[in-house]
Amino acid sequence: MPDPLELEVDVEGGRLFVEEAGAGPAVVLIHSCLVDRRQWDDQMRSFPAAGYRTIRYDIRGFGRSTRPEASWSPDADLLAITDALEIDRAALVGNSCGGGIAVDFAVGHTERVWALVPVAAGSDAAGDPDEALRSLWKEMAGLIEAGEVDAAQDLEREAWTQAGRFPRGDDRIRQLSRDNVAAQTVDESLARDIDPPAAGRLGEVRA
């Protein structure tokens, strides 16, 4: 299997790094907000080999995409990618915050989605965060404010991927998260939600 084609897609106020491999029905892979597109290294080999046009990209602030410095829309970014690659319909596979992006896109652009696979999706459609999650965010915010960004990331990584649960992946997750430690200091309030939000609209999805 040849190496993925690398390209950059211009979006409002930024630029996204995208990789594409294979031919066939389109599948877009959206990473979690702890790592970057390389989360999907295995799938970038197996999916094209199985006959799928496979696309992955770095969300703003991660990997080789630009850092958001003004208001931006994850939903609009994904639309820009599918438009730039002339993808009429895609299967969306998203993990954690990437799953939230996939859900939002499927709600807002249901005609552009033929399958939806949210994996442990972080989406407003899941309801309000519980006390444990609010406490985690508060502790992380305190560490970041104190300049302890690495410690904040360690806390988040341990919350989602406890060391020892997946021994073969521990080192890989640690390395990918370390490569993206600067994402911890991105102002999350700059990301615009879809309006109206996905909560209560999942019945609109036809995938």
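Going by the structure above, here's the rest.
Below or above, wherever it landed, is the structure these notes cover. Just so it is clear, the structure is predicted and the values come from calculations on it, not from any experiment.

### Some words on unusual backbone geometry
Of note, the amide linkage connecting Asp 195 to Pro 196 takes the cis form, showing an omega dihedral of -5°. Relative to the helices and strands, Pro 196 resides in the segment after helix 6 (167-179). Of note in this structure, Glu 86 is not a glycine but carries a positive phi near 55°. Inspection of the secondary structure puts Glu 86 in the loop between helix 2 (74-84) and strand 5 (90-95). Even without being a glycine, Ala 120 presents a positive backbone phi close to 50°. Within the fold, Ala 120 resides in the loop between strand 6 (113-119) and helix 4 (131-145). A residue is classified by how much of its surface remains accessible, and Ala 120, at 63% relative accessible area, is exposed.

### Overview of the environment of Gly 98
Inspection of the secondary structure assignment puts Gly 98 in helix 3 (residues 97-108). As a C-alpha pair, Gly 98 and Arg 56 span 42 residues in sequence and 11 Å in three-dimensional space. Sequence-distant contacts of Gly 98, that is, excluding residues within four places in its chain, are made with Ile 30, His 31 and Ser 32.

Cut-off values and rules
Residues numbered from 1 in each chain as written. Predicted model: local features only at pLDDT ≥ 70, side-chain atom pairs only at ≥ 80, totals over all residues. Heavy atoms only, no water. Helix = DSSP H or I, 4+ residues; strand = E, 2+ residues; numbered from the N terminus. Buried < 20%, exposed > 50% of the residue type's maximum accessible area, 1.4 Å probe, protein only. Contact = heavy atoms within 4.5 Å.

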